[in-house]
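Examination of the molecular architecture
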Amino acid sequence: MLGTDRLFFHIPFLLCTSLGFFCFPVVISQIPLGSRLSVEENNYWVSSNGDFAIGFFNRSNQYSVGVRFSSRSIPVSKQKFVWVAGADLTVGDKSHFQLTKSGELVLFDSSRGVIAWDSNTTNSSVASAILRDDGNLVLLKGNKDIVWQSFDNPSDTLLPGQNLSASRMLRAASRNSVSSYYSLYMDALGQLQLKWETSVIYWTSGNPSESRVQATLRSDGTIHLLDQNSRSVWSVLGGDHHDPDVKFRILRLDVDGNLRLYSWVQSSTSWISVWQAISNQCNVFATCGLCGICVFNVSGSPVCKCPFTPMSEPNSKCLVPYRQDCKSGSSMDMYEHTFVYGIYPPNETIVRSSLERCKRLCQEDPLCTAATFTNDGTAECRITKTQYISGQSDPSLGSISLVKRCSDPIAVLPVLPKSPLSSPPYTAQEGSHNLCVPCLVAVAVGTFITFFVIQLGIGLYFYRKRITLRKNAALTHVGPNADVFIMLSFAELESITENFRHQIGPNMYKGMLPNNRPVAVKALNATIEERKFRRAVSEVRSVSHKNLVKLEGYCCESGHRYLVYEFARNGSLRKCLDDAKMCKRLTWRKRMDACLAVARAISYLHAGCREFVSHGNLKCENVVLDDDLEAKVSEFGLGGVISEPSNSGGSAGKDVQDFGKMVVALVSGRHTTNDALKWAYQKWAGAQAAEVVDKRFQGGVDLDELERAMRIAFWCLQFDERMRPSMGEVVKVLEGALAVDPSPPPFALETPPGEEEESLGSDPEP
Ligand SMILES: *[C@@H]1O[C@H](CO)[C@@H](O)[C@H](O)[C@H]1NC(C)=O
């Protein structure tokens, strides 16, 4: 596939740098035994397609040797190293890197006069080396047997086509010559894990499954976990997956501990991050190291701040001001919306307690330096017994931290022992790791324009791709229970929907996958820009909740935009409410459960995801009922790509208002026109709420529950958006965990408030 045989006919020749000033002798493709690179000659070997080069590079006055993108493909200032011999290893300025006559790659360090790294292949009959077109440096025995390859010995980056197999890892590059504590590890249970040191796992992919054997990055911008048969069993998509405009992609474990997928966007000559494992950077364990508490500054970038001691210099350490040996007693300072944890060592004692008791527990324990009380219902008190702490602070955090301080007036910060700790792993912010949202938007807009022009020219490409797709029908790989995200060609869609024969809703069709799993196929406006569509797909895909309909796949071909959802046998709530037989089965209990399910799903979209996601078009048509009549919300997160008349863009307030209407619809069984809402309000305000209830279902009505549902519904329908509750509050009211007063008249009935007051009559306020 890589055409190695072809490469063997290349011979060494002169290649000039892109600057055109100097010409260095470089060997292309095949690297014969005895070839040598040195710091002094500044020479390098290039892959036959010119995309990659291997050579020495400067690293804070020392040198390393590694594979990078060549200056022909990416400007020098934007180059990233994708593999480094010995990862963190640096050598002196007279060092060399050689493929010895005995077939071994060795890195000789001039400053210490020793071989600092070797490929350990002396006795493997290596005949030559090749830097392949995909950036893989391989040692070959004979013409094709691979003895050693850089792809099997990754440093901090995976390239497309590179696999991370069980018990291999990526390690983030070092900072200030201190080895990084962050690694990405493929464990024996087939999970990818981000680890801090050896013990703290702060991110895990998917569920454990022994059938998974490796992770891989594909050139289309998707990351997969594969089973023994190389079938994808788990995947994530970059925001621009399958975008043909992206020439290079890399998956890198960055120095700040986050795993990111980057795309090289030629039109803006920049790398942009299109996916990251941990959406909130402050959630990366110890991302601030000893430099303080992670917070987001006004421009939305994570920064490290120390609230405990005055920051005289930016790089100073942030230690708990209590040294575990105060003579004159101690006091506790309280920091709201703050979560701190110990990092040396990263162990904590967790007990359930009240805030008061938590404070007392720490105060009474001479070893306790700080305590964090998690105020999210778990009432956990975490007792930290080290001065070395890290943490985060954000207005959305419910936790409260109590930090001990010596009352001793002469208390000063201790001098740290000379150890790796004395140079903080996290010093300054590295610009490239902060996602600058306005920049991304600008990049996206710029790229879009270029993309659009290019797209006109690649119609033919798409046509060809469609034919290939049809041939390798991705669908044939879909196992019965595989959690696979599928991409379908339009031809495949036609086939699974029998030419869109079974319409089950507006622009919605039923289809059947080859594994006999039914799906619902939604047709979207074919003119939606591809980049926007793919971004929406990956956003929707990244959201998962049991009351949200799962996105199973999509189709994005020129002239076709489709989403493939899991199928709900009972169809939409609207259909059920309109159907006499189904309506009968929708008992009071089922209806209230549906209200709660929808409220939970929307609350999750608003507050539980990494970013606020609005539904934008919540209505009975977009809620489906599964086999057990459990409600699931569909068509969320599409605000950016669909513009229906009723979809006035995304805001939490609009979703809350739409939810209010849905509650009235569920209780009354009616279509919630303005008249129906007014009628319902008047009945309720006139103490006749029971008359609003649908007469068609079987069984009784819980009147307390009815009152709660009506009250919260009319609060949701308030004309003044600021008066509407949050979806989190709605959930609590429906669960019965929060009491709610009767609402003032709802003026959200799309008539001016003055008229409303007249037509609605009396005010229910006591
Ligand atoms: C990665 O794994 C795939 C599937 O198992 C395999 O076909 C491919 O050769 C591997 N790539 C490398 C570079 O080893």
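The model shown is predicted, which means the values in this text are computed figures rather than measured ones.

Let's shift gears to the overall build of the chain. The helix and strand tally for the chain stands at 14 helices and 43 strands. Looking at the chain residue by residue over its 766 residues, the buried ones come to 53%. If you take every contact in the chain between residues at least 6 apart in sequence, the share linking residues at least 24 apart comes to 59%. Within the structure as shown, the chain displays about 34200 Å² of accessible surface, and the carbon and sulfur contribution to it stands at 53%.

This part takes up the side chain of glutamine 193. Its place among the elements puts glutamine 193 in strand 19 (residues 192-196). Glutamine 193 sits in the buried class, given a relative accessible area of 8%. Separated by 3.4 Å, the side chains of glutamine 193 and aspartate 187 make a polar contact. Excluding anything up to four places from it in sequence, glutamine 193 contacts Ser183, Leu184, Tyr185, Asp187, Ile201, Trp203 and Thr204.

In the vicinity of the ligand, the residues found are Gln149, Phe151, Gly161, Asn163, Gln214 and Ser230. At a separation of 2.4 Å, an oxygen atom of the ligand approaches a polar side-chain atom of asparagine 163. Take serine 230: an N or O atom from its side chain is 3.2 Å from an oxygen atom of the ligand. Alone, the ligand offers 360 Å² of accessible surface; in the complex the protein occludes 50% of this. Residue composition of the shell around the ligand, grouped by class: one nonpolar, five polar and no charged.

Formed by 79 residues in total, the largest nonpolar core has its most connected members in Leu563, Leu573, Val598, Phe659 and Val667. Here the element with the most residues in this core is helix 9 (residues 588-608); it accounts for 11 residues. When we break this core down by domain, the ones giving at least three residues each are domain 4 (479-566) and domain 5 (573-639 + 646-759). Grouped together as the second largest cluster of nonpolar side chains are 41 residues, Leu164, Trp203, Val284 and Ala286 included.

For strand 41 (residues 560-566), the buried fraction is high: six of the seven residues fall into the buried class. Bridging between strand 39 (residues 518-523) and strand 41 involves five bridges; their strand directions are antiparallel. Bridging from a neighbouring strand, alanine 520 pairs with tyrosine 565 of strand 41. Taken together, the six bridges between strand 40 (residues 551-557) and strand 41 define a ladder with antiparallel strand orientation. Bridging across to strand 41, tyrosine 554 finds its partner in leucine 563.

Right, let's get into the sheet that holds strand 28 (residues 302-305). Through backbone hydrogen bonds, the strands of a sheet pair up, either in parallel or in antiparallel fashion. Strand order in the open sheet formed by four strands is 28-27-34-30, and the pairing between neighbours is mixed. Edge strands, defined here as strands with exactly one partner in the open sheet, are strand 28 and strand 30 (338-342). Between one strand axis and the next, the sheet turns by 25° as a mean value, whatever way the strands run. Summarising the sheet, strand 30 and strand 34 (residues 389-393) pair through five bridges and their orientation is antiparallel.

The geometry of helix 11 (residues 674-685) relative to helix 12 (residues 703-716) is characterised by a closest axis approach of 11 Å and an angle of 130° between their N-to-C directions. Between helix 11 and helix 12, the angle falls in the class oblique. You can see that helix 11 and helix 12 cross each other, and the crossing is left-handed. Mapping the contact onto sequence places Leu677, Ala680, Tyr681 and Trp684 in helix 11 and Glu707, Met710, Arg711 and Phe714 in helix 12. In terms of residue class, the contact of helix 11 with helix 12 is built from six nonpolar, no polar and two charged.

Along helix 13 (residues 727-735), the residues that are buried comprise Met727, Val730, Val731, Val733 and Leu734. Looking straight down helix 13, one finds that the buried residues subtend no more than 165° of arc, so they occupy a single side. Those residues of helix 13 that are buried are in contact with helix 9, helix 10 (652-668) and helix 12. Two residues or fewer past helix 13, glycine 736 is found with a positive phi of approximately 85°.

On to the sheet that holds strand 18 (residues 182-186), then. A sheet is described by the order of its strands in space; here four strands give the open sequence 17-18-19-20, paired in antiparallel fashion. Of all strands in the sheet, those bounded by a partner on one side alone are strand 17 (169-171) and strand 20 (200-204). Along the sheet, successive strands turn relative to each other by an average axial angle of 25°, direction set aside. Two strands pair when backbone bridges link them, and strand 19 and strand 20 are joined in this way by four bridges, in the antiparallel orientation. Opposite leucine 194, over in strand 20, you have tryptophan 203 as the bridge partner.

Turning next to the state of the cysteines. Within the structure shown, the criterion is met by four disulfides. One disulfide in the model links cysteine 282 with cysteine 294; its S-S distance is 2.1 Å. On the sign convention where negative is left-handed, the bridge of cysteine 282 and cysteine 294, at about -75° about the S-S bond, is left-handed. With cysteine 282 in the loop between strand 26 (270-276) and strand 27 (293-296) and cysteine 294 in strand 27, this residue pair connects regions lying 12 residues apart in the sequence. For the pair cysteine 282 and cysteine 294, one class covers both residues: buried.

Closest axis-to-axis distance for the helix 9/helix 12 pair is 12 Å, and the angle between their directions is 35°. When the axes of helix 9 and helix 12 are compared, the crossing they make is left-handed. Between helix 9 and helix 12, the residues in contact are Trp588, Arg589 and Met592 and Glu705, Leu706 and Ala709, respectively. A per-class count over the contact of helix 9 with helix 12 returns four nonpolar, no polar and two charged.

Turning our attention to the confidence of the model for the chain. Averaged over every residue, the pLDDT of the chain is 80; residues scoring 70 or more account for 80%. For the stretch residues 410-440, pLDDT sits under 50, and the model shows 58 contacts to residues farther than four places along the chain or on other chains. Per-residue pLDDT stays below 50 along residues 446-482; that stretch engages in 43 contacts with residues further than four places along the chain or on separate chains.

The next thing to look at is the pairing of strand 28. Pairing geometry for strand 27 and strand 28, over four bridges, is antiparallel. Across the sheet, the residue bridging to isoleucine 293 is lysine 305, located in strand 28. Hairpin geometry of strand 27 and strand 28 is characterised by an intervening segment of five residues between the two adjacent antiparallel strands and by a positive phi of about 85° at glycine 300.

This paragraph deals with the packing of aromatic side chains. Inspection of every chain in the model, using the stated rule, returns 28 aromatic pairs. Ring centres of phenylalanine 52 and phenylalanine 69 lie 4.9 Å apart, and the angle between their planes is 35°; on these two criteria the pair is classed as tilted. Within this pair, whereas phenylalanine 52 is found in strand 6 (residues 52-59), its partner phenylalanine 69 is found in strand 7 (residues 62-69), the two being separated by 17 residues in sequence. Using a relative accessible area of 4% as the deciding quantity, one classes phenylalanine 52 as buried. On the basis of an interplanar angle of 65° and a centroid distance of 6.1 Å, the ring pair of phenylalanine 533 and tyrosine 554 is categorised as edge-to-face. One end of the pair, phenylalanine 533, is in helix 6 (residues 530-542); the other, tyrosine 554, is in strand 40, and 21 residues separate them in sequence. With relative accessibility at 1%, the residue tyrosine 554 sits in the buried group. Here the basic side chain of arginine 561 rests over the ring of phenylalanine 533, its NZ or CZ set 5.8 Å away from the ring centre. In this arrangement the basic side chain of arginine 670 is found over the ring face of tryptophan 679, its NZ or CZ atom lying 3.7 Å from the centre.

A complete count under the given rule lists 31 salt bridges for this structure. For aspartate 51, the salt bridge goes to lysine 247, with nearest N and O atoms at 3.5 Å. Remark: lysine 247 occurs in strand 24 (residues 246-253) and aspartate 51 occurs in the loop between strand 5 (44-46) and strand 6; sequence separation between them is 196 residues. Residue aspartate 51 is classed as buried on the basis of its relative accessible area, which comes to 12%. For arginine 231, the salt bridge goes to aspartate 227, with nearest N and O atoms at 3.6 Å. Residue classification places aspartate 227 among the buried positions, given a relative accessible area of 7%. Salt bridges sharing partners connect three or more residues here, namely Arg252, Asp254, Asp256 and Arg260.

Reading guide: rules and limits
Counting starts from 1 at the beginning of each chain's written sequence and moves along it residue by residue. For a predicted model such as this one, the threshold for reporting local features is a pLDDT of at least 70, and the threshold for listing and counting side-chain atom pairs is 80 or more; totals across whole chains, interfaces and linings nevertheless cover every residue. Values reported for side chains reflect all heavy atoms of the structure, with hydrogen atoms and water molecules removed beforehand. Secondary structure elements are defined from DSSP: runs of H or I of at least 4 residues count as helices, runs of E of at least 2 residues count as strands, and each element is numbered from the N terminus. Exposure classes here rest on a 1.4 Å probe applied to the protein chains alone. A residue is buried below 20% of its type maximum, exposed above 50%, and partly exposed in between. Contacts between residues were defined by any pair of non-hydrogen atoms, one from each residue, lying within 4.5 Å. Exposure was quantified through the Shrake-Rupley algorithm and a 1.4 Å probe, taking into account, for residues, occlusion by the shown protein chains and nothing else. In protein, a polar contact requires one atom able to donate a hydrogen and another able to accept it; more generally it is a pair of N or O atoms within 3.5 Å, and residues adjacent in sequence count only if both atoms are side-chain atoms. Distances are taken per atom, and a residue is near a molecule or strand as soon as one of its heavy atoms is within 4 Å of it. Each residue receives one of three labels: charged for Asp, Glu, Lys and Arg, nonpolar for Ala, Val, Leu, Ile, Met, Phe, Trp, Tyr, Cys and Pro, and polar for the others, Gly being one of them. Among buried residues, those of type Ala, Val, Leu, Ile, Met, Phe, Trp, Tyr and Cys that are joined through side-chain atoms within 4.5 Å constitute a nonpolar core. What fixes the domain bounds is an automatic or database domain assignment. The rule for pairing is simple: two strands pair if DSSP sees at least two bridges between them. To define axes, lines are fitted to C-alpha atoms, for helices over the stretch in contact only, and angles between the resulting N-to-C directions are given on a 0 to 180 degree scale. Between 65 and 115 degrees an angle is taken as roughly perpendicular, under 35 as roughly parallel, over 145 as roughly antiparallel, and anywhere else as oblique. By convention the crossing between two helices is left-handed if the near helix lies anticlockwise of the far one by an angle smaller than a right angle, and right-handed if it lies clockwise. Arc, as used here, means the arc of the directions from the helix axis to the C-beta atoms. Cysteine sulfur pairs qualify as disulfides if the two atoms are within 2.5 Å. As a per-residue measure, pLDDT tells how confident the predictor is, with possible values from 0 to 100. Each pair of aromatic rings taken from Phe, Tyr and Trp, with Trp reduced to its six-membered ring, is defined by centres within 6.5 Å and is described as stacked if the planes are under 30 degrees apart, edge-to-face if over 60, and tilted in the remaining cases. Placement of a positive charge over a ring is assigned whenever Lys NZ or Arg CZ falls within 6 Å of the ring centre and within 35 degrees of the normal to the ring plane. What counts as a salt bridge is simple: a side-chain nitrogen of Lys or Arg found within 4 Å of a carboxyl oxygen of Asp or Glu.

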